[in-house]
Amino acid sequence: MVNERDTQYLLLTPGPLSTTRTVREAMMQEHSTWDVDYNSIVQSIRERLVRLATNDTARHTAALMPGSGTFAVESVIGSVIPPDGKLLVLNNGAYGARITKISQMLGIDTVELGQAEIESTDLGQAEKILTEDPAITHVAMVHCETTTGMLNPADAVGKLVRRLGRVFILDAMSSFGGIPMSMESTGAHYLISSANKCVQGVPGFGFVVADRATLEATKGWARSHSLDLFDQWREMEAKGGKWRFTSPTHVVSAFARALDELEAEAGVNARHARYAANQQTMVEGMRRIGFRTLIGDEVQSPIITSFYYPDAAEFEFQKFYDALKSLGFVIYPGKVSHAQCFRIGSIGDVHPEDMTELVGHVAKVLEEMGVNLVVSG
Ligand SMILES: *Cc1c(COP(=O)(O)O)cnc(C)c1O
């Protein structure tokens, strides 16, 4: 092993991902949800999240929401669209489809621009739909579509949505903290992410950075009590960082530590550079072996990469997976509907030398399986 790891294996997944020992150790401290020590940690997390997302801290605010990232997405979709509102979802993957499903189940008037998983968001189509349907009040999209690893053009969509006077909801779950972005660059009124993605905390809550005035106008619109974003935010604002119900105290401690470590790494630009180096090292190595990536490099994020299964009868994904796991690397199954793929994440406490080691193992495992890949070019 290149690194002295204190876990059985490295998670090359889109979250939960490998965290540092110090982030995990922060969970040893126990807190009461009513105590000022704990509430001040929550307040500092909220302030730091706003600062990570924008320089205009007066215009923005943040709320934390318990549950996995999907709960935070559902709290936004269910809380910020008025009863007579209408949502356009720009969908090119499983997470986009999840937003549509949430919206429909909540009885919200929903339209979708549905595209293939390997196609980037069609701006012209989005503009046409928005221009022809003035009833649409909100637009939602996924920034890094973790299904494929595609980075969607959030900045261009945000500009369009703002120009046409609608509210923009951005699922930046798997990109925030790992790819430089801001409320201004993306035009997002609501930017959603969670504790266990690129900030490198552990799972247990999601968060929303919001345009304060837009959020303040949403009182009474929530379609669920426990996922009422306005109510959760107001409680935190009015009561100095108190959550309405039992909060994941250990996860919050770990997240505060993860934010310290993001700063110590010199911030999002530095983390992005590390993730990009991880991804490049891994993809170059996989291509040398003969693997092909699902999507083009021009739309590929540094977060997670999809690879086609090798075109060889000897290849069995489960065998491949188990062998790599026993060597200390957990990869991720595929999620695209039209092709046989697997995914390798490059986020978390993972470094280029880990990727070099992984690639060496992949070559060896394939050889042992009797898979011969023809390297082209
Ligand atoms: C991880 C992720 C989510 C949330 O998934 P959970 O399993 O609920 O944490 C939502 N959107 C995207 C793009 C994601 O990568």
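Worth saying up front: this structure is predicted, and the values here are computed from it rather than measured.

Caption draft 1: Inspection of the nonpolar core at higher detail. I45, L49, L64, F205 and F255 are the most contacted members of the largest nonpolar core, which has 53 residues in total. Two domains each provide a minimum of three residues to this core, namely domain 1 (2-17 + 267-369) and domain 2 (21-263).

Caption draft 2: Broad picture of the packing of aromatic side chains. One pass over the full model with this rule turns up 17 aromatic pairs. Judged by centre distance (6.5 Å) and plane angle (25°), the ring pair of F315 and F342 falls under stacked. In this pair, F315 sits in the loop between strand 11 (304-308) and helix 12 (317-326) while F342 sits in strand 14 (residues 341-345), placing the two residues 27 residues apart along the sequence. The pair F315 / F342 is uniform in exposure class, with both members buried. An aromatic cluster of at least three residues, connected via ring pairs, comprises F291, F307, Y309, F315, F317, F320, Y321 and F342. The ring of Y95 is capped by K197, whose NZ or CZ atom sits 5.9 Å from the centre of that ring. Between the NZ or CZ atom of K242 and the centre of the ring of W34, over which it lies, the distance is 4.7 Å.

Caption draft 3: Local environment of the site of the ligand. Neighbouring residues of the ligand: S68, G69, T70, Y95, R98, V142, C144, T146, D171, M173, S174 and K197. Here an oxygen atom of the ligand and a side-chain polar atom of S68 are 2.5 Å apart. Within the contact set of the ligand, a nitrogen atom lies 2.7 Å away from a side-chain nitrogen or oxygen of D171. Burial of the ligand by the protein amounts to 86% of the accessible area it has alone, namely 380 Å². Secondary-structure elements contributing two or more residues to the shell around the ligand are helix 3 (69-80) and helix 4 (94-105).

Caption draft 4: Region of interest: the packing of helix 2 (residues 36-53) against helix 9 (residues 229-238). Look at helix 2 against helix 9: their axes get within 10 Å of each other, and the N-to-C directions meet at 115°. Classed by the angle they form, the pair helix 2 and helix 9 counts as roughly perpendicular. Two packed elements cross with a definite hand, and for helix 2 against helix 9 that hand is left-handed. Contact residues: V42, Q43 and R46 in helix 2; W233, M236 and E237 in helix 9.

Caption draft 5: The arrangement of the environment of V202 in detail. Within the element layout of this structure, V202 appears in the loop between strand 9 (190-194) and strand 10 (205-211). For the pair formed by V202 and P66, sequence separation is 136 residues and the distance between their alpha carbons is 12 Å.

Caption draft 6: Molecular detail of unusual backbone geometry. P16 follows G15 through a cis peptide bond whose omega is -5°. Mapped onto the fold, P16 is located in the loop between strand 1 (10-11) and helix 1 (21-25). Despite not being glycine, Q200 shows a phi value in the positive range, around 70°. Position of Q200 among the secondary structure elements: in the loop between strand 9 and strand 10. What makes Q200 buried here is its relative accessible area of 5%. Backbone geometry places A266, a non-glycine residue, at a positive phi of 85°. Structurally, the position occupied by A266 is in the loop between helix 10 (249-264) and helix 11 (267-289).

Caption draft 7: A look at helix 11. The end-to-end C-alpha separation of helix 11 is 34 Å, in line with the 33 Å expected for 23 residues at 1.5 Å each. Remark: G290 follows helix 11 within two positions and exhibits a positive phi of approximately 125°.

Caption draft 8: Focus on the domain arrangement of the protein. Domain assignment breaks the protein into domain 1 (2-17 + 267-369) and domain 2 (21-263). With 31 residues of domain 1 at the contact, the number on the domain 2 side is 31 residues. Buried area between domain 1 and domain 2, summed over both chains or domains, comes out near 2,500 Å², and the portion from carbon and sulfur atoms is 58%. Taken as a group, V268, R271 and K335 account for 24% of the area that domain 1 buries against domain 2, more than any other trio of residues on that side.

Caption draft 9: Seen up close, helix 6 (residues 154-163). Within the sequence span of helix 6, burial applies to A154, V157, G158, L160 and V161. Considered in projection along helix 6, the buried side chains sweep an arc of 165° and stay on one side of the axis. Facing away from the buried side of helix 6, by more than 90 degrees, are the exposed residues K159 and R163. Residues of helix 6 that are buried make contact with strand 3 (86-91), helix 5 (123-132), strand 5 (138-142), strand 8 (167-171) and helix 7 (183-186). Among the residues trailing helix 6, G165 stands out with phi positive, at a value near 70°.

Caption draft 10: Broad picture of the state of the cysteines. In total, this model carries zero disulfides according to the counting rule given. Free of any disulfide, C198 has its nearest cysteine sulfur in C144, 7.9 Å distant. When its relative accessible area of 0% is taken as the criterion, C198 is described as buried.

Caption draft 11: Spatial organisation of the sheet that holds strand 11. Strand order in the open sheet made by the three strands is 11-14-13, with antiparallel pairing throughout. Each end of this open sheet is capped by a strand with a single partner; those strands are strand 11 and strand 13 (332-333). Pairing geometry for strand 11 and strand 14, over five bridges, is antiparallel. Paired with T305 across the strands is I344, a residue of strand 14. Lying over the sheet, helix 11 contacts strand 11 and strand 14, oriented at roughly 10° with respect to strand 11.

Definitions and cut-offs
Residues numbered from 1 in each chain as written. Predicted model: local features only at pLDDT ≥ 70, side-chain atom pairs only at ≥ 80, totals over all residues. Heavy atoms only, no water. Core = buried A, V, L, I, M, F, W, Y, C linked by side-chain atoms within 4.5 Å. Buried < 20%, exposed > 50% of the residue type's maximum accessible area, 1.4 Å probe, protein only. Domains from an automatic or database assignment. Phe/Tyr/Trp six-rings, centres within 6.5 Å; stacked < 30°, edge-to-face > 60°. Helix = DSSP H or I, 4+ residues; strand = E, 2+ residues; numbered from the N terminus. Lys NZ or Arg CZ within 6 Å of the ring centre and 35° of its normal. Near = heavy atom within 4 Å. Polar contact = N/O pair within 3.5 Å; in protein donor to acceptor, adjacent residues only side chain to side chain. Areas by Shrake-Rupley, 256 points an atom, 1.4 Å probe, with all protein chains shown as cover. Axes fitted to C-alpha atoms, helices over the stretch in contact; angles between N-to-C directions. Parallel < 35°, antiparallel > 145°, perpendicular 65-115°, else oblique. Left-handed = near helix turned anticlockwise from the far one by under 90°. Contact = heavy atoms within 4.5 Å. Expected span 1.5 Å × (residues − 1). Buried area = accessible area lost by both parts, 1.4 Å probe. Arc of directions from axis to C-beta. Disulfide = S-S within 2.5 Å. Pairing = 2+ DSSP bridges.

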